[in-house]
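So you can see what is in the structure, the chains are spelled out below.
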Amino acid sequence: MSLATTDREKAGFLIRYLRSLGHRVYIATENLDFESPSVVQKIKREIENSDLLFAILTENSLGSPFVQNEIGYADNADDVPILAVLQKGLETKISGFLYGRELLVLDLDNPDPTVLARINPYLRRRQTAVSVQATLAWGFVAFLGYLVLLGPNGLLSNWVKGLLGRKDEPAV
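Note that the structure is a prediction, hence the values are computed from the model and not measured. (Residues numbered from 1 in each chain as written. Predicted model: local features only at pLDDT ≥ 70, side-chain atom pairs only at ≥ 80, totals over all residues. Heavy atoms only, no water.)

**Points about the sheet that holds strand S1 (residues 53-57)**
For clarity, the threshold we go by: Strand pairing is defined by DSSP finding a minimum of two bridges between the two strands. Note on conventions: DSSP H or I runs of at least 4 residues are helices, E runs of at least 2 residues are strands, and numbering of each starts at the N terminus. Inter-axis angles, ranging from 0 to 180 degrees, are taken between N-to-C directions of lines fitted to C-alpha atoms, where helices are fitted over the stretch in contact. Here, two residues are considered to be in contact whenever any of their heavy atoms come within 4.5 Å of each other.
The three strands lie next to each other as S1-S2-S3, forming an open sheet whose pairing is parallel. Each edge of the open sheet carries a strand with a single partner, namely S1 and strand S3 (103-106). For this sheet, the mean angle separating the axes of adjacent strands, direction not counted, is 25°. As defined by bridge partners, strand S2 (residues 82-87) adjoins S3 across four bridges and the pair is classed as parallel. Residue pairing for S3: Leu86 is matched across the bridge by Val105. In the packing of helix H5 (residues 65-76) onto the sheet, the strands contacted are S1 and S2, and the crossing angle to S1 comes to about 155°.

As structure tokens, this is what we get:
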């Protein structure tokens, strides 16, 4: 989650909600030693390994070079969609790095619990895409396993043929 450190409390209801669903929510200020020279690399790596970047955009974070850079890292990462959650009332203050992005406008000062239902479609969309990719990958692995073990010249087929003393004759 990309946010200004001063907005941690405003984003608290989103963080608790996502964690209650079993999502890992990475927030740099909770996990990093900012004195470390590798802090930028660590943030980049966390973003690249994320399923989704939530950018919490408030009066504080809209001008933050850290938030802008984190959105840029996600833009450059393979397959890391960005969901920009914009504080209600700031719609006219969108700058160039946010043009053309999907924005979810919320009142972060007075969060309404029903608002969380507006976030669910983004989470489901991402989970569905990941599930389809995982299913395709496992299907491919199963197919390869079949070929290696059970196919006409698979290990198991050749082993059984060896036990039976059979050799494949060339087709005429």
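Text resumes after the structure shown.
**Some details on the confidence of the model for the chain**
For the record, the criterion: How sure the predictor is of each residue is captured by pLDDT, a score from 0 to 100.
Here the chain averages 77 in pLDDT, and 67% of its residues register 70 or above. Here helix H6 (residues 116-149) is the element of the chain with the lowest mean pLDDT, 61, and helix H4 (residues 59-62) is the one with the highest, 91.

**Some points on the environment of Asn60**
Selection rule: Only protein chains enter the accessibility calculation, which uses a 1.4 Å probe. A residue is then buried if its area is under 20% of the maximum for its type, exposed if over 50%, and partly exposed in between. For the purposes of these results, a polar contact is taken to be a pair of N or O atoms within 3.5 Å, where, inside protein, one atom must be able to donate a hydrogen and its partner to accept one; residues adjacent in sequence count only when each atom of the pair is a side-chain atom.
Of note, Asn60 is situated in helix H4. Residue Asn60 is classed as partly exposed on the basis of its relative accessible area, which comes to 41%. Among all residues touching Asn60, those that are not within four sequence positions of it are Ala4, Thr6 and Asp7. Within the local environment of Asn60, its side chain forms a polar contact with the side chain of Thr6, the two groups lying 3.1 Å apart.

**With respect to the side chain of Glu70**
The following threshold applies: Note that His is not counted, nor are the chain ends; the positive residues are Lys and Arg, and the negative ones are Asp and Glu. Salt bridges, as used here, are contacts in which a Lys or Arg side-chain nitrogen is within 4 Å of a carboxyl oxygen on Asp or Glu.
Summarising the element assignment, Glu70 is placed in helix H5. For the buried Glu70, no salt bridge is present, and the opposite-charge side chain at shortest range is Lys44, 12 Å distant. The contacts of Glu70, once residues within four sequence positions are left out, are Ser2, Leu3, Ile43, Ile47 and Leu53.

**Here's the deal with helix H1 (residues 12-20)**
Residues Gly12, Phe13, Leu14, Ile15, Tyr17 and Leu18 constitute the buried set of H1. Phi turns positive one or two residues past the end of H1, at Gly22, with a value near 95°.

**A closer look at the environment of Arg19**
Relative to the elements of secondary structure, Arg19 occurs in helix H1. With near-sequence residues (within four places) excluded, Arg19 lies in contact with Arg8, Val25, Ile27 and Glu30.

**Quick notes on the pairing of S1**
Regular strands show a simple pattern: their side chains alternate between the two faces of the sheet. For S1, the buried fraction is high: five of the five residues fall into the buried class. Residue alternation in S1 divides its side chains into two sets, Leu53, Ala55 and Leu57 and Phe54 and Ile56, and both sets are buried. Bridge count for S1 against S2 is five bridges, and the pairing is parallel. Paired with Leu57 across the two strands is Leu86, which belongs to S2.

**Side note on the pairing of S2**
The buried fraction of S2 is high, at six of six residues. Of the two faces of S2, both are covered, the one formed by Ile82, Ala84 and Leu86 as well as the one formed by Leu83, Val85 and Gln87.

**Re the side chain of Ser61**
Within the secondary structure, Ser61 is located in helix H4. Among the polar contacts listed, one links the side chain of Ser61 to the backbone nitrogen of Thr58, at a separation of 2.7 Å. Leave out the neighbours within four places in its chain, and Ser61 touches Ala4, Asp7, Ile56 and Val67.

**Overview of the nonpolar core**
As a reminder of what qualifies: The set of buried Ala, Val, Leu, Ile, Met, Phe, Trp, Tyr and Cys residues whose side-chain atoms join them within 4.5 Å is what this entry labels a nonpolar core.
The biggest cluster of nonpolar side chains holds 23 residues, and the ones touching the most others in it are Met1, Leu14, Phe54, Ile56 and Val85. Of all the elements in the fold, those that place two or more residues in this core are H1, S1, S2, S3 and H6. Element by element, the count of residues in this core is highest for H1, at five residues. If we skip the residues at most four places from it in the chain, Met1 touches Ala11, Leu14, Ile15, Leu18, Val25, Tyr26, Ile27, Leu53, Phe54 and Ile56. By size, the runner-up hydrophobic cluster in this structure holds 20 residues, among which are Ala28, Val67, Val80 and Ala84.

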